[in-house]
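Single-letter residue listing:
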Amino acid sequence: MPTGRLTYDDELRELGAALRREWGVRQDDRVLDVGCGTGATTRDAAREASAGSATGVDLSADAIERARALARADGPGNVDFVCADAAMHVF
């Protein structure tokens, strides 16, 4: 039964839409998405940077595994994911 309240996923969709309107990713950009979770934003950025690339990084091995699976199933091909601490990782 709907409560009229947004779910976490609803909030993420709304925030993602606002981010995409403002981020200004260009076709040849190379994007780094820190704290990418399961990679929805990273995949969106890779689609916009179609002649560039997008890399998502997150500490959660489970999230990165899911992000990779989603990218394999749905693309795009110019995206990759790294399980690491972004503050310590050498990119």
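All of these numbers come straight from a predicted model, not from anything done at the bench.

Quick look at the pattern of salt bridges
Close approach of charged atoms allows side chains with opposite charge to pair.
Line of reasoning, step 1. What the rule picks out here adds up to 4 salt bridges.
Line of reasoning, step 2. In this structure, arginine 20 and aspartate 44 form a salt bridge, with 2.9 Å as the shortest nitrogen-oxygen distance. On the criterion of sequence distance, the pair formed by arginine 20 in helix H1 (residues 8-22) and aspartate 44 in helix H2 (residues 40-48) is long-range, its members being 24 residues apart.
Line of reasoning, step 3. The exposure class assigned to arginine 20 is partly exposed, which follows from its relative accessible area of 33%.
Line of reasoning, step 4. Look at aspartate 44 and you get partly exposed, because its relative accessible area is 21%.
Line of reasoning, step 5. Arginine 47 is paired through a salt bridge with aspartate 44; the nearest N and O atoms lie 3.5 Å apart. With a gap of 3 residues between them, arginine 47 and aspartate 44 both fall in helix H2, about one helical turn apart.
Line of reasoning, step 6. In this structure arginine 47 comes out as partly exposed when scored by relative accessible area, which is 36%.
Line of reasoning, step 7. Shared partners join several salt bridges into a network, and the residues in it are Arg20, Asp44, Arg47 and Asp74.

Some remarks on the pairing of strand S1 (residues 30-34)
Line of reasoning, step 1. Two elements, S1 and strand S2 (residues 53-58), share 5 bridges in a ladder whose sense is parallel. Bridging across to S2, aspartate 33 finds its partner in glycine 56.
Line of reasoning, step 2. After leaving S1, the chain enters H2 and then returns to the sheet as S2, a path that is right-handed.

Cut-offs used in this document
Counting restarts for each chain, with residues numbered from 1 along the sequence as it is written. Note on the predicted model: pLDDT of at least 70 is required for a residue's local features to be given, and 80 or more for side-chain atom pairs to be given and counted; whole-chain, interface and lining totals, by contrast, use all residues. Here the side-chain values reflect all heavy atoms present in the structure, with hydrogen atoms and water set aside. Salt bridges are defined by distance alone: a side-chain nitrogen of Lys or Arg within 4 Å of a carboxyl oxygen of Asp or Glu. Numbering goes from the N terminus for both helices and strands, where a helix is a DSSP run of H or I of at least four residues and a strand is a run of E of at least two. Using a 1.4 Å probe on the protein chains alone, a residue whose accessible area is under 20% of its type maximum counts as buried, one over 50% counts as exposed, and one in between counts as partly exposed. DSSP bridges decide pairing: two strands pair if at least two such bridges lie between them. With the strands pointing away from the viewer, any crossover whose connection runs clockwise from the first strand over the helix to the second is right-handed.

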